[in-house]
Amino acid sequence: MSSFVRVAPAQWLVVALATILPAIQALPPPSSNCQRFCGNIGIPYPFGIGQGSPDHCALPGFYLSCNDTGNGVMRPFHTNVEVQSISLLQGRARMLNHISTACYNSTTQLMDYSDWHLRFHNTPYRFSDTSNKFTVIGCQSLAYISDNGNMGKYMSGCVAMCEISGDENLSSGTCSGIGCCQTAIPKGMQYYRVRFAENFNTTQIYNYSRCSYAVLMDSSDFNFQESYVTSMEFNNTNNGRAPLVIDWAIGNETCEVASKNQTAFACVSSNSECIDSTNGPGYICNCSKGFEGNPYLHDPDLGCKDIDECKDKQNYPCYGTCHNTPGGYDCFCPSGTRGDANNGPCVRVVTTKVWIAIGICTALFFGLIIFLAVEWIRHKQMIIKQDLISKRDAYFRQHGGQLLIDMMKIENISFKLYTREEIELATNNFDDQGIIGEGGQGTVFKGHNIDSVNNPVAIKRCKKLNQDRILEFGQELLILSRVTHKNIVKLLGCSLHFEAPVLVYEFVPNNTLHYLIHVQDKASIRTLGIRMRIAAEAAEALAYLHTLNRPIFHGDVKSANILLDHNLAAKVSDFGCSMIMSAEENLQAVKGTMGYLDPEYLLNFELTDKSDVYSFGVVLLELLTRRTALSKQKECLVSVFKVATKEGKLLDLVDREIVEQDNMVACQVAGLADKCLAMTGSSRPTMSQVAEELRRLVHPMLHGTGEVHAGSSLAVQAWSSTNAAYDYTSEATTDYYSQTKKAPMSIEFAR
């Protein structure tokens, strides 16, 4: 039974009781008087029109109504849901599902919400998890999909955002979070409800995008259009409805169990077979291979009948003599010919002399072909080589290579420009076996035998260069070449002979901080002192980048981008391919890693030094807890930390390996992390302040004094060992509340 929210509560009980599937005791054949078409839509058995008529036109639960939709157009309905088509072979039906809307009302100056829900409890129907996706469209839209009564069995959400200054960032045909968002659903769903987050609305942007939409719909042929955001086109296409794919099945038993009760078994045709449902309990019936028709009917004329494959040569090709058999066909070459009649024409048997003549002609023909092929290959190779040289020189000019050489001469900078051949030789032509890392800015390969030395290097092939910034690229490379810090991966040189620039860095051999914390199992090399030293070194590196004459904002600070050398010294990496930005430059697309993203950046798309501070705060939490920034269950470490500190259970969250080593230091680092994770950037410390605070904490640990600067400006007072409640300020409380509100957006936007 399906329905929408406009059904009164008292009616639900009546409707539900009236549609509970009764146990099938017998399957009498349907009458020939049953209506098998509603308008131009076929209604095959086990479906039927009516409701429990003595003609047995349908199996229980499969009855439909045939309603006039206006102007005499008749269409089948399951309660108030229009049915577009029914497939016996796939066990599927297509229906039209109502679209939930949230629109600005210019009269009341408030949002009007139309939240629909649809239920199929106690029916053979369930939502297809393979064809449908929960789809949200809008410019300020966060909608949730949940199970019956939000009882916790299932709940998910999707957020669609875009810049409100114009539609430049919208892209037709793509549904990836900008103007359009889609998320999958689990198997076996028979109920769904839509709810909009009321703090996401179009009150401020109604002149550009008045309405937001949310609906569970067939995503197989959905094609997002920019006009869906700025107009009512999406809602008006099918009168406020969208196509929905429904899986259906007979009963709630497997084929093995159901077939034992032949009086109730639905696969009654003598040439049918049973198939277990892949989306919840029950089964469907299909005709056996070589047969077609309705497997649910006894009638030999309407049930599964043998296919005469000989009459359908398009689907069953036969190049010889065809003979139909029950469930198949025979295809053979007639007498006097030979060959495989199923795959090619039959040929007549020829004499030895003819074969000799054919052989000579064939040899001459293939000899000529080989000669021409060799000459063509040589010519083609020459063209390819010339084209490669031409492209290599063109790429060098496009990427400002000559300008870079001139600037290097003027500024007397030692910066290596590598040839295409040197890079391809060092990476074995970018062999996938040499990949040691992949990130949002490019792919990293391990390079060998470059500069005539055996020391390996890290070679990063960047993504395509922004053509609007080619003239600035040379300047930016020179700035990066001057980045000299013991805790930053050194840029050795580059190659501009490829479609996208290739950067050559020093090779850092000892994996990443993420590997040290979460993968390797030697607790002796991740003591509290080692962790805090690595954190201090990484903080100093980021502070160095932020305080350059042209500040460099990393944009993707995480434990996987902090490399470790032989002495476990930190080396910050993965910022070379990104454009160096001033504080006033805005990002046009979301960049970063889920779990580390600054919530303030998600709201205004502006990357600042405080964005790196927030991400570094998450790294501090990783070091303290040995938990990942986002668990497999999509649980945000920041949210877990905020709850633990608020409830005075911080020490329960700290990693067991270090909790006994120095509780005071652990608590002070937690306080520093809390400052870094302030929701507003203005409330966070600078990276220099963070580095200074970590140096104060690390110094006594490295020199064995056992002292900690408990009164420093940024570290909060330590929590007591009795789990007393942390002195939680109003700023921190606001941060926690905002974090819970923005968590869905962080998860949905992160790439």
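Computed from a predicted model, the values in this text were never measured in an experiment.

Moving on, we get to the state of the cysteines. All chains considered together, the criterion is met by 12 disulfides. One disulfide in the model links Cys255 with Cys274; its S-S distance is 2.0 Å. Sign of the S-S torsion, about -80° for the bond between Cys255 and Cys274, identifies this disulfide as left-handed. With a gap of 19 residues between them, Cys255 in helix H4 (residues 255-258) and Cys274 in strand E19 (residues 272-276) connect regions that are remote in the sequence. Each disulfide pairs two cysteine sulfurs, and for Cys267 the partner residue is Cys285, the sulfurs being separated by 1.9 Å.

Read across the open sheet, the seven strands follow the order E3-E4-E5-E6-E7-E18-E11; overall the sheet is mixed. Of all the strands in the sheet, just strand E3 (48-49) and strand E11 (125-127) have a single pairing partner and so form its edges. Sheet topology places E3 next to strand E4 (residues 63-68); two bridges connect them, and they run parallel. Following the sheet pairing, Gly48 is matched in E4 by Tyr63.

Moving on to the confidence of the model for the protein. In regions of low pLDDT, the predicted coordinates are not meant to be interpreted in detail. Mean pLDDT over the protein stands at 83; residues scoring 70 or higher make up 84%. Low pLDDT (under 50) marks residues 1-25, which in the prediction has 48 contacts with non-local residues, meaning those over four places away or in another chain. Throughout residues 579-589 the model reports pLDDT below 50, and contacts reaching past four residues in sequence, or to other chains, amount to 29 contacts.

Moving on: the UniProt feature "domain: EGF-like" (unreviewed entry) in the protein. According to UniProt, the feature "domain: EGF-like" (unreviewed entry) maps to residues 306-343 in the numbering used here. With 0% helix and 34% strand, the stretch residues 306-343 has end C-alpha atoms that lie 23 Å from each other.

Attention shifts here to the packing of aromatic side chains. Across all of its chains, the model carries 21 aromatic pairs by this definition. Measuring from ring centre to ring centre gives 5.8 Å for Tyr213 and Phe234, while their planes differ by 55°; the resulting arrangement is tilted. Separated by 21 residues along the polypeptide, Tyr213 in strand E17 (residues 211-218) and Phe234 in helix H3 (residues 233-236) bring together distant segments of the chain. Grouped by ring-pair contacts, the aromatic residues Phe47, Phe62, Phe120, Tyr125, Phe127, Tyr192, Trp248 and Tyr296 constitute a single cluster. We note Arg461 situated over the ring of Phe430; from NZ or CZ to the ring centre the distance is 4.4 Å.

Before going further, it helps to spend a moment on the sheet that holds strand E31 (residues 491-495). One open sheet holds the six strands; their spatial order is E27-E31-E32-E30-E29-E28, and the pairing between them is mixed. Among the strands making up the open sheet, the edge pair consists of strand E27 (416-417) and strand E28 (435-438). Pairing geometry for strand E30 (residues 457-462) and strand E32 (residues 502-506), over five bridges, is antiparallel. Each residue of the ladder has a partner; that of Val457, found in E32, is Glu506.

This part is about the environment of Leu697. Looking at where Leu697 falls in the secondary structure, it is placed in helix H16 (residues 687-702). Along the primary structure Leu697 and Ala666 are separated by 31 residues, whereas in three dimensions their C-alpha atoms are 9.8 Å apart.

Regarding helix H6 (residues 401-411), the residues found buried are Gly401, Leu404, Met407 and Met408. Projected down its long axis, H6 shows its buried positions confined to an angular sector of 120°, all on one face. Exposed residues lying more than 90 degrees from the buried face of H6 are Lys409 and Ile410. Directly after H6, the chain includes Asn412, whose backbone phi takes a positive value near 50°.

Definitions and cut-offs
Residues numbered from 1 in each chain as written. Predicted model: local features only at pLDDT ≥ 70, side-chain atom pairs only at ≥ 80, totals over all residues. Heavy atoms only, no water. Disulfide = S-S within 2.5 Å. Helix = DSSP H or I, 4+ residues; strand = E, 2+ residues; numbered from the N terminus. Pairing = 2+ DSSP bridges. pLDDT = per-residue confidence, 0-100. Contact = heavy atoms within 4.5 Å. UniProt positions renumbered as here; feature names shortened; annotations may be inferred. Phe/Tyr/Trp six-rings, centres within 6.5 Å; stacked < 30°, edge-to-face > 60°. Lys NZ or Arg CZ within 6 Å of the ring centre and 35° of its normal. Buried < 20%, exposed > 50% of the residue type's maximum accessible area, 1.4 Å probe, protein only. Arc of directions from axis to C-beta.

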